[in-house]
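What follows is the residue order along each chain.
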Amino acid sequence: MRDAIHAYIRDEILGEDAPSDLADDTPLLSSGLMDSLAVEQLLLFLEDEYRVRFEDADYSVENFETVIAIEELLRRKQTPAAAGGSA
């Protein structure tokens, strides 16, 4: 999961602007690598790829600051309790 998120950000969002040392703990938002439009693009990918839905409460800098934080959010969204029992 982490590798797929990292690859999507590197290849589809950052493209040629991706730093060569992009790591899973690289700050994405506070560093200016990603902006709100990039986050929206990422959200669409995550919702489609992992069949999750994000709520307003999920939209925070902390949840999208690093690949690690994004993966943690995604794992929380995939738990049965987070799904609220609905498909």
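Numbering of residues begins from 1 in every chain and follows the order in which that chain's sequence is written. Where local features are concerned, this predicted model is filtered to residues with pLDDT of at least 70; where side-chain atom pairs are given and counted, the filter is 80 or more; whole-chain, interface and lining totals use all residues. Side-chain metrics in this entry use all non-hydrogen atoms of the structure; hydrogen atoms and water are not considered.

**Remarks on the packing of aromatic side chains**
Only Phe, Tyr and Trp rings are paired, with Trp represented by its six-membered ring, and only when their centres lie within 6.5 Å; those with planes under 30 degrees apart are stacked, over 60 edge-to-face, the remainder tilted. Under the definition given, this model contains two aromatic pairs. Between the aromatic rings of Tyr8 and Phe45, the centroid separation amounts to 3.9 Å while the plane-to-plane angle is 5°, which identifies the pairing as stacked. Taken together, the residues Tyr8 in helix α1 (residues 2-14) and Phe45 in helix α2 (residues 36-50) connect sequence positions 37 residues apart. Of the two residues, Tyr8 and Phe45, both sit in the buried class. Helix numbers and strand numbers start at the N terminus; a helix is a DSSP run of H or I with at least 4 residues, a strand a run of E with at least 2. Three labels apply to residues, based on accessible area from a 1.4 Å probe with only protein chains included: buried if under 20% of the type maximum, exposed if over 50%, partly exposed otherwise in between.

**Observations concerning the nonpolar core**
Judged by nonpolar contacts, the single largest core of 23 residues is most densely connected at Ile9, Ile13, Met34, Leu42, Leu46 and Ile70. Elements with a contribution of two residues or more to this core: α1, α2 and α4 (67-78). Per-element tally for this core: the top contributor is α2, with seven residues. The term nonpolar core refers to a set of buried residues drawn from Ala, Val, Leu, Ile, Met, Phe, Trp, Tyr and Cys, joined through side-chain atoms within 4.5 Å.

**Here's the deal with the packing of α1 against α4**
Note on definitions: angles span 0 to 180 degrees between N-to-C directions of axes, and those axes are lines fitted to C-alpha atoms, for helices only across the stretch in contact. It is at 10 Å that the axes of α1 and α4 come closest, and there the two elements cross at 125°. With respect to α4, the element α1 is oriented oblique. In this structure, α1 crosses over α4, and the sense of that crossing is right-handed. In this structure, α1 uses Arg2, Ile5, His6 and Ile9 to contact α4, whose residues at the interface are Val67, Ile68, Ile70, Glu71 and Leu74. When residues are sorted by character, Ala, Val, Leu, Ile, Met, Phe, Trp, Tyr, Cys and Pro go into the nonpolar class, Asp, Glu, Lys and Arg into the charged class, and all the rest, Gly among them, into the polar class. Its residues assigned to classes, the contact of α1 with α4 shows six nonpolar, one polar and two charged. Roughly parallel covers angles under 35 degrees, roughly antiparallel covers those over 145, roughly perpendicular covers 65 to 115, and oblique covers all other angles. By definition, any crossing whose near helix is turned counterclockwise from its far helix by less than a right angle is left-handed, and any crossing with a clockwise turn is right-handed. Any two residues whose heavy atoms approach within 4.5 Å at even a single point are treated as in contact.

**Quick look at α2**
An ideal rise of 1.5 Å per residue puts 21 Å on 15 residues; α2 measures up with 21 Å between its terminal C-alpha atoms. Turning to α2, its buried residues number three or more, namely Ala38, Val39, Leu42, Leu43, Phe45, Leu46, Glu47 and Tyr50. Buried-residue contacts for α2 involve α1, α3 (61-64) and α4. The term polar contact refers here to a pair of N or O atoms within 3.5 Å; inside protein, the definition further demands a hydrogen-donor-capable atom paired with an acceptor-capable atom, and it admits residues adjacent in sequence only when both atoms are side-chain atoms. For α2, the side-chain oxygen to backbone nitrogen distance between the N-cap and Leu37 is 3.1 Å, and the N-cap itself is Asp35. Among the residues trailing α2, Arg51 stands out with phi positive, at a value near 55°. Multiply 1.5 Å by the residue count of a helix minus one, and that product is the helix's expected span.

**Observations regarding the confidence of the model for the chain**
Low-confidence regions, as indicated by low pLDDT, have predicted coordinates that should not be scrutinised in detail. The predictor attaches a confidence to each residue, called pLDDT, with possible values from 0 through 100. In this model, the chain carries a mean pLDDT of 91, and residues with pLDDT of at least 70 account for 91%. Mean pLDDT per element in the chain: helix α5 (residues 80-83) is the minimum at 59, and α1 is the maximum at 96.

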